[in-house]
Amino acid sequence: ASTNNTITIQAEEKQTAQVTISDVNIDVSSEDKAAISTGGDGSVTIELDGDNTAKGGYNHAGVEKNNGGNLTITDADGDGALNAKGGAFGAGVGGGWKGKGSNITISGSAEVTANGGSFGAGIGGGDSAPGSNITIAGDANVTANGGDYGAGIGGGNDRSGSNITIIENAEVTAKGGDYGAGIG
């Protein structure tokens, strides 16, 4: 069963907050908030265990990046998956409304499906926001679908996507919404 309890991860400057989520099922799609959000000036690493779902609400991402450092979603032992869905104007993983999606890494054996809401990227920017410095590495398996006008990986509505890197053994399927690029 899903819950409407959310997770907020604060990362202090020059520190990395490391959090493991295990079989989390958060659905706030009828509310005005993110399912999982990050904050602070530091970096955040989320380790995936089991099957996890994060559905954001209006103006928000499923996993919303607001911290100043890097956001890393990873799976060290090959037993975790994440399905992240943004609400209208939010990315699946990245920015909410007018929130840029930058400095995001998906690595290890992470299996991630990210669907942007209308005007948001699957991974990257929310509505009217860019997506940049996005890396998918290791043995990650990523499916990213942009909402209408959003990229699969990159910018939200009317904004750019830049410095997107896919390396090592990563497998990526990226599809933009209507009028959005697959990557970019």
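Residues numbered from 1 in each chain as written. Predicted model: local features only at pLDDT ≥ 70, side-chain atom pairs only at ≥ 80, totals over all residues. Heavy atoms only, no water.

## A short note on the overall build of the protein
To keep it simple, the criterion reads: Only DSSP runs of H or I covering at least 4 residues are called helices, and only runs of E covering at least 2 are called strands; the numbering of each starts at the N terminus. Buried, partly exposed and exposed residues are distinguished by accessible area as a fraction of the type maximum, computed with a 1.4 Å probe on protein chains only: under 20%, between the cut-offs, and over 50%, respectively. Only heavy atoms enter the contact rule, under which two residues are in contact if any of them lie within 4.5 Å. Only the protein chains shown count as covering a residue, and every accessible area follows the Shrake-Rupley method with a 1.4 Å probe. Charge counting follows a simple rule: Lys and Arg are positive, Asp and Glu are negative, and His as well as the terminal groups are ignored. To locate a charge, take atom NZ for lysine, CZ for arginine, CG for aspartate or CD for glutamate.
For the protein, the helix and strand inventory stands at zero helices and 17 strands. Along the three orthogonal principal directions, the C-alpha set of the protein runs to about 40 × 35 × 35 Å. Sorting the 184 residues of the protein into buried and exposed places 52% on the buried side. Restricting to contacts in the protein with at least 6 residues of sequence separation, those with at least 24 account for 80%. Accessible area for the protein stands at about 7,700 Å²; split by element, carbon and sulfur atoms hold 39% of it. Of the charged side chains in the protein, 9 are positive and 22 negative; the average position of the first set lies 11 Å away from that of the second.

## Observations concerning the environment of E168
Here is the rule: In the analysis that follows, any N or O atom pair within 3.5 Å is treated as a polar contact, provided that within protein one partner can donate a hydrogen and the other can accept it, and provided that, for residues neighboring in sequence, both atoms belong to side chains.
In this structure, E168 sits in the loop between β16 (161-166) and β17 (171-175). Accessibility expressed as a relative area gives 62% for E168, which makes it exposed. E168 sits 130 residues away from T38 along the chain, and the two C-alpha atoms are 27 Å apart. Of note is the side chain of E168, whose polar atom sits 2.6 Å from the backbone nitrogen of G138.

## Details of the nonpolar core
Our working rule: For the purposes of this section, nonpolar cores are sets of buried Ala, Val, Leu, Ile, Met, Phe, Trp, Tyr and Cys residues that join through side-chain atoms within 4.5 Å.
Judged by nonpolar contacts, the single largest core of 32 residues is most densely connected at I46, V63, V93, I106, V112 and I123. If you tally residues by element for this core, the top one is strand β5 (residues 43-55), at four residues. Once you skip the residues sitting within four places of it in the chain, V93 turns out to touch V63, L71, I73, A84, I104, A114, G122, I123 and G124.

## Some thoughts on the packing of aromatic side chains
Quick reminder of the rule: Planes of paired rings set the category: under 30 degrees apart is stacked, over 60 is edge-to-face and the rest tilted, where pairs are Phe, Tyr or Trp rings (Trp by its six-membered ring) whose centres lie within 6.5 Å.
This structure, assessed with the given rule, holds four aromatic pairs. With 5.5 Å between their ring centres and 10 degrees between their planes, F89 and F119 make a pair best called stacked. With F89 in the loop between β8 (80-85) and β9 (93-94) and F119 in the loop between β11 (111-115) and β12 (123-124), this pair connects stretches of sequence that are 30 residues apart. Taking the relative accessible area as the measure of exposure, F119 reaches 25% and is therefore partly exposed. Arranged with centres 5.2 Å apart and planes meeting at 10 degrees, the rings of F119 and Y149 form a pair that is stacked. One end of the pair, F119, is in the loop between β11 and β12; the other, Y149, is in the loop between β14 (141-145) and β15 (153-154), with 30 residues separating them in the sequence.

## Some words on the sheet that holds strand β1 (residues 7-11)
Rules: Note: two strands are recorded as paired if DSSP finds a minimum of 2 bridges between them.
Pairing is parallel across the open sheet formed by six strands, whose spatial order is β1-β4-β6-β9-β12-β15. At either margin of the open sheet sits one strand with a lone partner, and together these are β1 and β15. Relative to β15, β12 runs parallel, the two sharing two bridges. Residue pairing in the sheet places G124 in a bridge with G154 of β15.

## Remarks on the side chain of N52
Looking at the element boundaries, N52 is found in strand β5. At a separation of 3.0 Å, a polar atom in the side chain of N52 contacts the main-chain carbonyl oxygen of D49. From its side chain, N52 meets the backbone oxygen of G50 in a polar contact 3.2 Å long. Setting aside anything within four residues of it in sequence, one finds N52 in contact with I21, S22, D23, V24, A81, L82 and N83.

## Quick word on the pattern of salt bridges
The cut-off we apply is this: Every case where a carboxyl oxygen of Asp or Glu lies within 4 Å of a side-chain nitrogen of Lys or Arg is listed as a salt bridge.
One pass over the structure, following the stated rule, counts two salt bridges. Residue D158 pairs with R159 through a salt bridge whose shortest N-O separation is 3.4 Å. For D158, a relative accessible area of 62% translates into the label exposed.

## Remarks on unusual backbone geometry
In this model, Y149 sits at a positive phi of 75 degrees, which is unusual for a non-glycine residue. Note on Y149: relative accessible area 36%, which makes it partly exposed. For D158, which is not a glycine, the phi torsion comes out positive at approximately 65 degrees. For D158, the location among the structural elements is in the loop between β15 and β16.

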